[in-house]
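Architecture and fold: a report
Here are the chains, one letter per residue:
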Amino acid sequence: MHNEIERILFTEDQIAARVRELGQQISRDYEQLLGERISHEPPLAIGLLRGAVIFLADLARAMPIPLELAFMALSSYGRSTSPGEVRVVKDLEIPVAGRHLLIVEDIVDTGQTLAHLTELLRARHPASVKICTLLDKTPRRTRSIKLDYVGFTLPEDAFVVGYGLDYAERYRNLPYIAALKQSATRS
Ligand code: PRP
């Protein structure tokens, strides 16, 4: 194990099992919602770069329904010019009016990113907007958002890395999710 890792929170097997469950559940829900129309207007899964890439890659393969993929990038805290400001760095390349959108996130922390994104997407008149996040980290939430699908809830304010989540761009490729030692995050 890397020496900055304090402990593993979710193992590779636990993540794989939960992603399979989520994929089945989301697929069943869209089948119910869309019926035969699902092959004409498949849901559009929107992954947020870069953290959600690994989760979306696995989730998409756990969904046995027609599905389209798209990606957006938003700036978040630490890189924004004022607290709470969120900026679109890479937008969608297709119109989404009338489409069923599934936002796929690796983690919801303060909720600022998703509050901004759902507002922005709803203004484009999609048929529906749902959110699926692998981790729902609750202690620092400042915006209330309805999360339709949650992989795991994290009630502690740990700095988490792995399975797409980074610290200074490192650790995204760990196959598990772990808490980083506090000493590692002090500069
Ligand atoms: C992380 C994460 C979410 C956001 C959540 O992204 O992927 O998008 O922060 O935080 P919030 O709920 O407090 O808004 P980050 O900006 O670190 O970029 P990344 O996806 O490239 O890691």
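Report follows, based on the coordinates. Every value quoted in this text rests on a predicted model; they were computed, and no experiment measured them.

As for the packing of aromatic side chains
Under the criterion given, the structure shown has two aromatic pairs. When the centroid spacing of 4.0 Å and the interplanar angle of 20 degrees are considered together, the rings of Phe 10 and Phe 152 count as stacked. Within this pair, whereas Phe 10 is found in strand S1 (residues 5–10), its partner Phe 152 is found in strand S7 (residues 149–154), the two being separated by 142 residues in sequence. On the basis of an interplanar angle of 90 degrees and a centroid distance of 5.3 Å, the ring pair of Phe 159 and Tyr 167 is categorised as edge-to-face. A relative accessible area of 38% places Phe 159 in the partly exposed class. Given the relative accessible area of 18%, Tyr 167 is considered buried.

Some details on the site of the ligand
Near the ligand you find 17 residues, and of these Glu 105, Asp 106, Thr 110, Gly 111 and Thr 113 are the closest. Contact distances for the ligand include 2.6 Å between an oxygen atom and a side-chain N or O atom of Asp 106. At 2.8 Å from an oxygen atom of the ligand is found a main-chain nitrogen or oxygen belonging to Gly 111. Notes on the ligand: free accessible area 500 Å², of which the protein chains cover 90%. Put simply, the parts of the chain that give the shell around the ligand at least two residues each are strand S5 (100–108) and helix H3 (112–122).

Observations regarding the sheet that holds strand S3 (residues 68–74)
Spatially, the six strands line up as an open sheet ordered S4-S3-S2-S5-S6-S7, and their pairing is mixed. If you trace the sheet from one side to the other, it starts and ends with strand S4 (88–90) and S7, each paired once. Going across the sheet, the axis of each strand differs from the next one's by a mean of 30 degrees, ignoring polarity. As judged from the five bridges shared by strand S6 (residues 128–137) and S7, these two strands associate in the parallel manner. Across the sheet, residue Thr 133 finds its bridge partner in S7, namely Val 150. Along the sheet, helix H2 (residues 53–61) contacts strand S2 (44–49), S3, S5 and S6; its crossing angle with S3, the most-contacted strand, is approximately 165 degrees.

Points about the side chain of Arg 99
The residue Arg 99 is located in the loop between S4 and S5 in this model. Classification of Arg 99 as buried rests on a relative accessible area of 16%. Contact partners of Arg 99, with chain neighbours within four places excluded, come to Pro 42, Pro 43, Leu 44, Glu 68, Ile 94, Pro 126, Ala 127 and Ser 128.

Considering the packing of helix H1 (residues 12–34) against H2
Between H1 and H2, the least distance of the axes is 8 Å, while the angle of their chain directions is 60 degrees. It follows that H1 is oblique to H2 by the angle criterion. Relative to H2, the crossing made by H1 is right-handed. From H1, Val 19, Leu 22, Gly 23 and Ile 26 reach across to H2, where they touch Phe 55, Asp 58 and Leu 59. Of the residues in the contact of H1 with H2, the class split is five nonpolar, one polar and one charged.

Scoring rules and cut-offs
- Residues numbered from 1 in each chain as written.
- Predicted model: local features only at pLDDT ≥ 70, side-chain atom pairs only at ≥ 80, totals over all residues.
- Heavy atoms only, no water.
- Phe/Tyr/Trp six-rings, centres within 6.5 Å; stacked < 30°, edge-to-face > 60°.
- Helix = DSSP H or I, 4+ residues; strand = E, 2+ residues; numbered from the N terminus.
- Buried < 20%, exposed > 50% of the residue type's maximum accessible area, 1.4 Å probe, protein only.
- Near = heavy atom within 4 Å.
- Polar contact = N/O pair within 3.5 Å; in protein donor to acceptor, adjacent residues only side chain to side chain.
- Areas by Shrake-Rupley, 256 points an atom, 1.4 Å probe, with all protein chains shown as cover.
- Pairing = 2+ DSSP bridges.
- Axes fitted to C-alpha atoms, helices over the stretch in contact; angles between N-to-C directions.
- Contact = heavy atoms within 4.5 Å.
- Parallel < 35°, antiparallel > 145°, perpendicular 65-115°, else oblique.
- Left-handed = near helix turned anticlockwise from the far one by under 90°.
- Nonpolar A, V, L, I, M, F, W, Y, C, P; charged D, E, K, R; others polar.

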